[in-house]
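Below, each chain spelled out in residue letters.
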Amino acid sequence: MRKLTYFIACSIDGFIGDPSGDASMFLPFVDEEYIAYVKAQHPETLPTHGRRALGIDDLENKRFDTVVQGRASYEVALKEGITSPYSHLRQYVASRTLGESPDPDVEIISTDLPGRVRELKAEDGEFGIYLCGGSKLAGELADEIDELVVKTYPVVLGSGMPMFGSGLRVTEFALDEVRTFGNGTLIRTYRRKR
């Protein structure tokens, strides 16, 4: 069974962006040390145009071969004219409103998102599924998430978009790894207790 990993950036107080979802306040913490880590450990989590800019478009995938993202995350790329933001991965966009995909390499999931993700998880393969999305998407898929990779930046937002847009649901995870960076950023990896 393949794992679904929610790979997410957040503030110390657990917000992934301001109330509108803007996360630009985290950008100053994406420094050379952090980029070196991502290139070595999670290169496939960088969008294709970012990989090209860094000269790492030829790096092989290390952990994921599939990405599931929400409509709002996908629209960030669309606004820049990018219809296939993760062309190095199989791409799925969860949306009830997007309609037809603007790119043949991007499949829209408009119904039964948890069921479709369970199908993807049941496929044979050595690589997992990267959940790149927002609060609502993570809330809808909370029962399917097997691993959390939480990039915590040393800022407090006070309010904003939470990591999980869902009602109270106590779910226990076990801490597997903590990586600290000189600028105060932490990356914590948790595995779901089942």
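Here is a short report on the structure shown in this document. Being a predicted model, the structure only gives us computed values, none of them experimental.

Quick look at the overall build of the chain
- Helix and strand counts for the chain come out as five helices and 10 strands.
- For the chain, buried positions account for 47% of its 194 residues.
- By sequence separation, contacts in the chain at least 24 residues apart represent 68% of the contacts at least 6 residues apart.
- Accessible area for the chain stands at about 9900 Å²; split by element, carbon and sulfur atoms hold 51% of it.
- Averaging the positions of the 23 positive and the 30 negative side-chain charges in the chain gives two centres separated by 4 Å.

As for the sheet that holds strand 4 (residues 90-94)
- Ordered in space as 5-4-3-6-1-7-10-9, the eight strands form an open sheet in which the pairing is mixed. The two strands at the open ends of the sheet, each matched to only one other strand, are strand 5 (106-109) and strand 9 (173-180). With strand direction ignored, the average angle separating the axes of adjacent strands in the sheet is 25°.
- Examined bridge by bridge, strand 1 (residues 4-11) and strand 6 (residues 128-132) share three bridges and lie parallel to one another. Within strand 6, the position partnered with Leu 4 by the bridge is Ile 129.
- Sheet strands in contact with helix 1 (residues 32-41) are strand 7 (147-153), strand 9 and strand 10 (186-192), and its direction is about 130° off that of strand 9.
- On the sheet, helix 4 (residues 113-122) packs against strand 1, strand 3 (64-70), strand 4, strand 5 and strand 6 and is oriented at approximately 165° with respect to strand 4.

As for the environment of Ile 82
- Position of Ile 82 among the secondary structure elements: in the loop between helix 3 (71-78) and strand 4.
- A sequence separation of 78 residues divides Ile 82 from Leu 4, and the C-alpha atoms of the two residues are 25 Å apart.

What counts and how
Along each chain, numbering runs from 1 in the same order as the chain's sequence is written. pLDDT decides what is reported in this predicted model: residues at 70 or higher carry local features, side-chain atom pairs at 80 or more are listed and counted, and totals for whole chains, interfaces and linings draw on all residues regardless. Remark: hydrogens and water are excluded; side-chain values derive from all non-hydrogen atoms of the structure. Helix and strand assignments follow DSSP, with helices taken as H or I runs no shorter than four residues and strands as E runs no shorter than two, numbered in order from the N terminus. Exposed residues in this analysis have more than 50% of their type's maximum accessible area, buried residues have under 20%, and partly exposed residues fall in between, with area computed by a 1.4 Å probe over protein chains only. Contact criterion: two residues are considered in contact whenever any of their non-hydrogen atoms come within 4.5 Å of each other. Residue-level accessible areas treat just the shown protein chains as cover; the underlying method is Shrake-Rupley with a 1.4 Å probe. Working convention for charge: Lys and Arg count positive, Asp and Glu count negative, and His plus the chain ends are omitted. A charge is said to be at NZ when it belongs to Lys, at CZ for Arg, at CG for Asp and at CD for Glu. A pair of strands is treated as paired once DSSP finds two or more bridges between them. Simply put, an axis is a line fit to the C-alpha atoms, just over the touching stretch for a helix, and the angle between two N-to-C directions goes from 0 to 180 degrees.

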